[in-house]
Amino acid sequence: MSPDWDVVGYVISSDYRTDVLHRLDDGPATPTQIADDVDISVTHVSRALRSLRERGLVELLVPEERRKGRVYGITSLGRETWELIESKDLAE
């Protein structure tokens, strides 16, 4: 399958999306854990997660109804996208 450069461009056009996807490539995490690990606010993390999820790059690993302890993980599309970003040295 050829890379989706539109998706790659979408991710790298935001440092927040790039940071969040990079962090989730290391393993599942809650928004608070991500914010602490990459040193950005939970508000920015939540916004990045929402947009990455809309593109099918990350997924919620717990039931949708859960308000606390919402754990997110990277999807196979997200991992492929991140690997492409890393291999082409496109992350800031």
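Note that the structure is predicted; figures quoted are calculated from it, not measured. (Residues numbered from 1 in each chain as written. Predicted model: local features only at pLDDT ≥ 70, side-chain atom pairs only at ≥ 80, totals over all residues. Heavy atoms only, no water.)

Chemist: If you had to explain the overall build of the protein to someone new, which residues and values would you point to?
Modeler: Assigned secondary structure in the protein consists of 5 helices and 2 strands. Starting at the N terminus and walking to the C terminus, you meet the elements of the protein as α-α-α-α-β-β-α. For the protein, the C-alpha radius of gyration of 12 Å lies close to 12 Å, the compact-globule estimate for 92 residues. For the C-alpha atoms alone, the extent of the protein along its principal axes is close to 35 × 25 × 20 Å. Within the protein, contacts between residues at least 6 apart in sequence are counted, and of these 52% link residues at least 24 apart. (Helix = DSSP H or I, 4+ residues; strand = E, 2+ residues; numbered from the N terminus. Rg over C-alpha atoms; globule rule 2.2 N^0.38 Å. Contact = heavy atoms within 4.5 Å.)

Chemist: For unusual backbone geometry, give the residues involved together with the corresponding values.
Modeler: A positive phi angle, close to 60 degrees, is found at Asp-39, a residue other than glycine. Here Asp-39 lies in the loop between helix 3 (31-38) and helix 4 (42-54). Given the relative accessible area of 69%, Asp-39 is considered exposed. The phi dihedral of Asp-89 is positive, around 55 degrees, even though this residue is not glycine. Inspection of the secondary structure puts Asp-89 in the segment after helix 5 (76-87). Given the relative accessible area of 65%, Asp-89 is considered exposed. (Buried < 20%, exposed > 50% of the residue type's maximum accessible area, 1.4 Å probe, protein only.)

Chemist: Requested: an account of helix 5, with residues and values cited.
Modeler: Between its first and last C-alpha, helix 5 extends 16 Å over 12 residues, near the 16 Å set by a 1.5 Å rise per residue. Considering only its buried residues, helix 5 is in contact with helix 1 (5-12), helix 2 (15-25) and strand 2 (72-74). Positive backbone phi, approximately 55 degrees, marks Asp-89, located one or two places after helix 5. (Expected span 1.5 Å × (residues − 1).)

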